[in-house]
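The primary structure of each chain is shown beneath.
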Amino acid sequence: MRLRVVTRRPGSRPDMNARPEHCRAPFLDALAAHVPADKAAGRIAAEMITPYPPGIPVVLPGERISGAVLDYLRSRAEAGMVLPDADDDHAESIRVVVES
């Protein structure tokens, strides 16, 4: 099954490139992989990452991950912020969609 790309306006936020339900579907295990955080910039997220505090999602499934978001997550994880819903709670790797 191929992911359907969502049409978006350039510069709009968030940069959604796949429908979130496609990124959390049971079949995604075959279509997702963990990559080192320094290689995740520009990739499509396959997980939600919500740093706590403040408890507001920074990365949503289907969103293209920016370098600025990765820098924020790594710096906050190093400072002791909790990432309760991420597969890697230290932000050393990010679960992304394997693009063909």
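Thresholds, definitions, all that
- Residues numbered from 1 in each chain as written.
- Predicted model: local features only at pLDDT ≥ 70, side-chain atom pairs only at ≥ 80, totals over all residues.
- Heavy atoms only, no water.
- Helix = DSSP H or I, 4+ residues; strand = E, 2+ residues; numbered from the N terminus.
- Buried < 20%, exposed > 50% of the residue type's maximum accessible area, 1.4 Å probe, protein only.
- Contact = heavy atoms within 4.5 Å.
- Areas by Shrake-Rupley, 256 points an atom, 1.4 Å probe, with all protein chains shown as cover.
- Core = buried A, V, L, I, M, F, W, Y, C linked by side-chain atoms within 4.5 Å.
- pLDDT = per-residue confidence, 0-100.
- Salt bridge = Lys/Arg side-chain N within 4 Å of Asp/Glu carboxyl O.

## With respect to the overall build of the protein
Moving on, step 1. A tally of helices and strands in the protein yields two helices and two strands.
Moving on, step 2. In the protein, the succession of α and β elements from N to C terminus is α-β-α-β.
Moving on, step 3. Here the protein holds 100 residues, and the buried ones make up 39% of them.
Moving on, step 4. Contacts spanning at least 24 positions in sequence make up 59% of the contacts within the protein whose residues lie at least 6 apart.
Moving on, step 5. Approximately 6,000 Å² of the protein is accessible, and the part contributed by carbon and sulfur atoms is 55%.

## Overview of unusual backbone geometry
Moving on, step 1. The amide bond that connects tyrosine 52 to the next residue, proline 53, takes the cis arrangement and shows omega of -10°.
Moving on, step 2. Along the chain, proline 53 connects to proline 54 via a cis peptide bond; the corresponding omega equals 15°.
Moving on, step 3. In this fold, proline 54 is placed in the loop between strand E1 (32–36) and helix H2 (67–78).
Moving on, step 4. Residue alanine 91 is not a glycine yet carries a positive backbone phi of 60°.
Moving on, step 5. Mapping alanine 91 onto the fold places it in the loop between H2 and strand E2 (93–97).

## Here we look at the nonpolar core
Across soluble globular proteins, nonpolar side chains show a tendency to be buried alongside one another.
Moving on, step 1. Ranked by size, the top nonpolar core spans 17 residues in total, and within it Ala40, Ile49, Val59, Ile65, Leu73, Leu83 and Ile94 carry the most contacts.
Moving on, step 2. Those elements that provide at least two residues to this core are H2 and E2.
Moving on, step 3. Ranked by residues supplied to this core, first place goes to H2 with four residues.
Moving on, step 4. Discounting residues that sit within four places of it in the chain, leucine 83 has contacts with Ile49, Thr50, Pro51, Leu73, Ala77, Asp88, Asp89, His90 and Ala91.

## Some details on the pairing of E2
Moving on, step 1. For E2, the tally of buried residues reaches five of five residues, placing the bulk of the element in the interior.
Moving on, step 2. The alternating pattern of E2 places Ser93, Arg95 and Val97 and Ile94 and Val96 on opposite faces, both of which are buried.

## Concerning the confidence of the model for the protein
Moving on, step 1. Confidence in the prediction of the protein, expressed as mean pLDDT, is 79, and 70% of residues score 70 or more.
Moving on, step 2. Here residues 5–9 scores under 50 on pLDDT; set against residues more than four positions off or in separate chains, the count is eight contacts.

## Focus on the pattern of salt bridges
Moving on, step 1. In total, this model carries two salt bridges according to the counting rule given.
Moving on, step 2. Between arginine 74 and aspartate 71 there is a salt bridge, and its shortest N-O distance comes to 3.0 Å. A residue pair is termed a helical-turn pair when its members lie 3 or 4 positions apart in one helix, as arginine 74 and aspartate 71 do in helix H2 at three residues.
Moving on, step 3. Where arginine 95 meets aspartate 87, a salt bridge forms, and the shortest distance between an N and an O atom there is 3.7 Å.
Moving on, step 4. On the accessibility criterion, arginine 95 (11% relative accessible area) is buried.

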